[in-house]
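Here's the letter readout for the chains.
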Amino acid sequence: MTTAPTPVPTTPAATAPGGGAGASATATTTSPTTAPAPRRRPLARLGGASWLAAVPLLLFFLVGFGLPTVAIVIGAFTTSSDAETGAGQFTFDNITDSLQGGYRTAMLSSLKLSALTALLATALGLPLAQAIVTSRHGWLRQAVLTASGVLANFGGLPLAFAFVATLGNAGEITKLLHLTDHGWSLYSFTGLTVVYLYFLVPLMVLTITPALDGLRTQWREAAQNNRATTLQYWLHVALPILLPSLLGGFVLLFGSAFAAYATAAAMVGATVPLVSRSIADALSGNVLVGQGNLALALSLNMIVVAVLVMAVYLPLQRRSTRWLS
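Residues numbered from 1 in each chain as written. Predicted model: local features only at pLDDT ≥ 70, side-chain atom pairs only at ≥ 80, totals over all residues. Heavy atoms only, no water.

## Things to note about helix α3 (residues 55-76)
Okay, so step 1: With 22 residues, α3 should cover 32 Å at 1.5 Å per step; its first-to-last C-alpha distance of 30 Å lies within 8% of that length.
Okay, so step 2: At Leu 62, α3 is bent by approximately 35 degrees, the largest bend along its length.
Okay, so step 3: All of the buried residues in α3 are Ile 72, Gly 75 and Ala 76. (Helix = DSSP H or I, 4+ residues; strand = E, 2+ residues; numbered from the N terminus. Expected span 1.5 Å × (residues − 1). Bend = angle between axes of the 7 residues up to and from the residue. Buried < 20%, exposed > 50% of the residue type's maximum accessible area, 1.4 Å probe, protein only.)

Listed below in structure tokens is the structure:
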């Protein structure tokens, strides 16, 4: 009995150039494998339709910020409707007046107060945030961050009342420690600085904590292996890396203090000149009647400062993210 040979399958890749099947039975040739085409995401198939998800946010920004800004710019460069003659005409008088006299003093006082409180809050918030980051107790970290989130948003009339009741002229702590005998006054530039630190320090803790979490333990260990002290590590490693985040936090605190109004208005009134108070006085006619467009010019000055603050903050934020991500 003769057994039939088992046929050897041939593939086009193994077939001889002449088309003979004999050579393909012994020769083995590997053909390159073609990678499957990547599957396109459903949103990518829609082309540019994915931006439709941002339309509600863009509309909110346009209505809530764009239109008021346009109205402020137009009003700042036109005469007031309460003017006796030439109402609605183009003029630079509002901008000029907003940078002179008492309005200039109020702007400089606001800038000074914002810069000082932001600097102090940055210096106080950094070691506090470092203490909770390095703490071994998770509950302490959560408690401090939760309290910081609450205190950073605690302002206005409740904050002013709390400080008046505790550190005012007849406050409990003032009477207990006899602070008035040492020249203490809550209704002054120094008192307002202390009040602003109440919500700026927690805001700094919330801002700098993610950056401190981004410091890798390998960097500290490498510094220790090179016999660097803790001070040298902070001066030559940690602080240079944290510098963009610290500057960004300082700018953020500066903007927050610069825009604050209700706390200062309820506590010090006109004792400490601030640009936000000047805008309220111009709108209400406490000083002169028909100064509504001057108030818009003062608001435009604040918008310019806010734009400059954001122009500094955003690049710093991107740079810190690049290092600590």
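Next comes the rest of the write-up.
## Some details on the nonpolar core
Okay, so step 1: Membership of the largest hydrophobic core comes to 56 residues, with the highest contact counts inside it found for Leu 192, Tyr 196, Ile 208, Leu 212 and Met 267.
Okay, so step 2: Where this core is concerned, the elements lending two or more residues are α5 (101-133), α7 (157-167), α9 (189-213), α11 (230-259), α12 (262-267), α13 (275-284) and α14 (292-324).
Okay, so step 3: With 13 residues, α9 is the largest single contributor of residues to this core.
Okay, so step 4: With sequence-adjacent residues up to four places away left out, Leu 212 is seen in contact with Leu 126, Ala 129, Gln 130, Val 133, Trp 234 and Leu 242.
Okay, so step 5: Ile 72, Ala 76, Ala 297 and Leu 300 belong to the second largest nonpolar core, which has 5 residues in total. (Core = buried A, V, L, I, M, F, W, Y, C linked by side-chain atoms within 4.5 Å. Contact = heavy atoms within 4.5 Å.)

## Examining a nonpolar patch on the surface
Okay, so step 1: A grouping of Leu 57, Phe 60, Phe 61 and Phe 65 is seen on the molecular surface, where their side chains present a nonpolar patch of about 490 Å² in accessible area.
Okay, so step 2: With respect to the helices, strands and loops of the structure, Leu 57 is situated in helix α3. (Patch = residues over 30% accessible without salt bridge, like charges linked within 9 Å, V, L, I, M, F, W, Y side chains within 5 Å. Areas by Shrake-Rupley, 256 points an atom, 1.4 Å probe, with all protein chains shown as cover. Salt bridge = Lys/Arg side-chain N within 4 Å of Asp/Glu carboxyl O.)

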